[in-house]
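The chain contents come next:
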Amino acid sequence: MFKPTVEAASEAASILFNLPEYRVVAVTRGADGGREVFLDTPAVEAGCPSCGVVSTRVHQRTMQRVRDVPFDGLVTVWWVKKRWRCSESLCAKTTFTEHTEQVPPYARLTTRLKERILAALSGEVRCVEAVAAELGVSWPTAMRQLTRAATAHADRAAARPALVYSLGIDEHRFRTVRWYKDEHDAWRRVEPWMTTFTNLATGQVIGVVDGRDSAAVKTWLKTQPRWWRHRVRVVAIDPSAAFRSAVRSWLPKARVSVDHFHLIQLANAMVTDVRRRVSWERHDRRGRAGDLTWANRLLLMRGYDSLSERGRTKLKTVLAQDDPTCEIGAAWGVKEQLRRVLACTTVADAQRERARFNSYVTLAAMPETTRLKKTIDTWWPAIATFIRTRATNAKTEAANVTVKNIKRIGRGYRSHENYRCRIMLYNAARMAA
Ligand SMILES: [Zn+2]
């Protein structure tokens, strides 16, 4: 038969509370209706941290407020903490307090609460404020857990950097430009851009830096060990001269690859430029809904091979009726030919298609198409590398979507460092899963 006793009740509470090394001595209802839990440890002796002599003499007991995980709501936890008196008369440390794995020296939070905060912040894309409120800690406290874990993670990663054969470097804007006053009362621009470094084989973000210029990229590359830099064989970048120069000086064995995505974007921008210029020349105004080419401007940007029969007929009609100088059609043809170049799987095929591309540009004889050809010429070696390796930043772009989500929910981030911590930890958690 089960007989309720004080010991049994205390044991039951301890089991329910489930904090290793602790037992519940009392649970009360506070004045505000909240629950207060009083804990102590069953320890009857402790070794002096200075001399190692075991003491059984309790000098005094103090109450320490400990932050712990909520139990069906927030609970106030008090630790009735023992201060031991050292039994060694020669020891300089006359007294010392107890500590446990769950509450190490100087800790205010239990280890399990810290783990819970970290799991919520690094495993999920949630805003720090909501996690802090749910777990009953302040925003800086929650953020501190994240920063510490990120530092530890960075130290581990720096001690043993994983080999990366193909690296992705990609920029993204993390907010609009802002200005703030520094300590000397001077206005400073807050860099709204960040550059991420990704292992293209896994999609893992391995670095995040402020800015998107050559210096930002160089600074990060410089901190990587020489042997690591010499192993990188392919680097996928946007067609950005700044990135290319950084790669050339710090990744001597790497070939640069620019993917079709950004080049097709440039080609589409070229078609748009031509369409706008033609509209101004013909009507002395910008395009409007009545203009077929304006109304179907998105159709012009689609890949021809992805169009339905109806779409193709429509496109033919648009160009036949609203392009008397054939300039938009010519721009469209140049764009489509570039897509054919980029779809090639061998460099020899690509060279053939490139020759046709060049002849189309010559025939078109427009400043916009000539400018696009210049870009293609400048980046041809990198395009050839892309055709050979198909190294693209697609995975980096995917990581950047996550980054942007973190940014969106983290509206409150003022410091890049906080933001960077979350990105790195989120990625580490994603990779571990
Ligand atoms: Zn001692």
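Residues numbered from 1 in each chain as written. Predicted model: local features only at pLDDT ≥ 70, side-chain atom pairs only at ≥ 80, totals over all residues.

1. Focus on the nonpolar core
Ranked by internal contacts, the top residues of the largest apolar core, which has 74 residues, are Ala142, Val235 and Ala331. Top contributing element to this core by residue count: helix H12 (residues 327-343), with eight residues. Taken together, domain 2 (159-259 + 392-432) and domain 3 (260-389) each give at least three residues to this core, which thus spans both. When residues no more than four places from it in sequence are discounted, the contact partners of Ala142 are Ile117, Leu121, Val128, Val131, Ala132 and Val137. (Core = buried A, V, L, I, M, F, W, Y, C linked by C-beta atoms within 7 Å. Buried ≥ 20, exposed ≤ 12 C-beta atoms within 10 Å, placed from the backbone. Helix = DSSP H or I, 4+ residues; strand = E, 2+ residues; numbered from the N terminus. Domains from an automatic or database assignment. Contact = placed C-beta atoms within 7 Å.)

2. Section: unusual backbone geometry
Even without being a glycine, Tyr106 presents a positive backbone phi close to 70°. Here Tyr106 shows up in the loop between strand E7 (95-97) and helix H2 (111-123). Look at Tyr106 and you get exposed, because 6 C-beta atoms sit within 10 Å.

3. Side note on the domain arrangement of the chain
You can read the domains of the chain as domain 1 (6-108), domain 2 (159-259 + 392-432) and domain 3 (260-389). Taken together, the contact pairs nine residues of domain 2 with 11 residues of domain 3. Ranked by the residues each element gives to the side of domain 2 that touches domain 3, the list is headed by strand E14 (residues 255-258), at four residues. A per-class count over the side of domain 2 that touches domain 3 returns four nonpolar, two polar and three charged. (Nonpolar A, V, L, I, M, F, W, Y, C, P; charged D, E, K, R; others polar.)

4. Some words on H2
Look at H2: 17 Å from first C-alpha to last across 13 residues, which is about the 18 Å you get at 1.5 Å a residue. All of the buried residues along H2 are Leu113, Lys114, Arg116, Ile117, Leu121 and Ser122. (Expected span 1.5 Å × (residues − 1).)

5. Digging into the packing of helix H13 (residues 347-364) against helix H14 (residues 367-378)
The geometry of H13 relative to H14 is characterised by a closest axis approach of 8 Å and an angle of 155° between their N-to-C directions. Regarding the angle of H13 to H14, the classification is roughly antiparallel. For the pair H13 and H14, the crossing hand works out as left-handed. Contacts between H13 and H14 involve Asn358, Val361 and Ala364 on the former and, on the latter, Thr369, Thr370 and Lys373. Across the contact of H13 with H14, the residue classes tally to two nonpolar, three polar and one charged. (Axes fitted to C-alpha atoms, helices over the stretch in contact; angles between N-to-C directions. Parallel < 35°, antiparallel > 145°, perpendicular 65-115°, else oblique. Left-handed = near helix turned anticlockwise from the far one by under 90°.)

6. Topic: the packing of H2 against helix H4 (residues 139-159)
The angle between the axes and the distance between the axes are what describe a pair of packed helices. Interhelical geometry of H2 versus H4 gives an angle of 80° and a closest axis separation of 9 Å. Here H2 is positioned roughly perpendicular relative to H4, judged by the angle of their axes. Residue-level contacts link Lys114, Ile117, Leu118, Leu121 and Ser122 of H2 to Ala142, Gln145, Leu146 and Ala149 of H4. Of the residues assigned to the contact of H2 with H4, the class counts are six nonpolar, two polar and one charged.

7. Comments concerning helix H1 (residues 6-17)
Taking 1.5 Å of rise per residue, 12 residues should cover 16 Å, and H1 covers 16 Å from first to last C-alpha, within 8% of that figure. Of the residues trailing H1, Asn18 is marked for its positive phi of about 60°.

8. Examining the sheet that holds strand E8 (residues 166-173)
Strand pairing in a sheet is mediated by backbone hydrogen bonds. Such pairs are either parallel or antiparallel. Strands sit in the order E12-E11-E8-E13-E14 across an open sheet of five strands; the sheet is mixed. A single partner strand is all that each edge strand has here, and the edge strands are strand E12 (204-210) and E14. Here the average twist between neighbouring strands, direction ignored, is 25°. Along the sheet face, helix H7 (residues 241-250) touches E8, strand E13 (234-237) and E14 and points at about 165° away from the line of E13. Strand contacts of helix H15 (residues 380-389): E13 and E14, with the helix running at about 85° to E14, the strand carrying the most contacts. (Pairing = 2+ DSSP bridges.)

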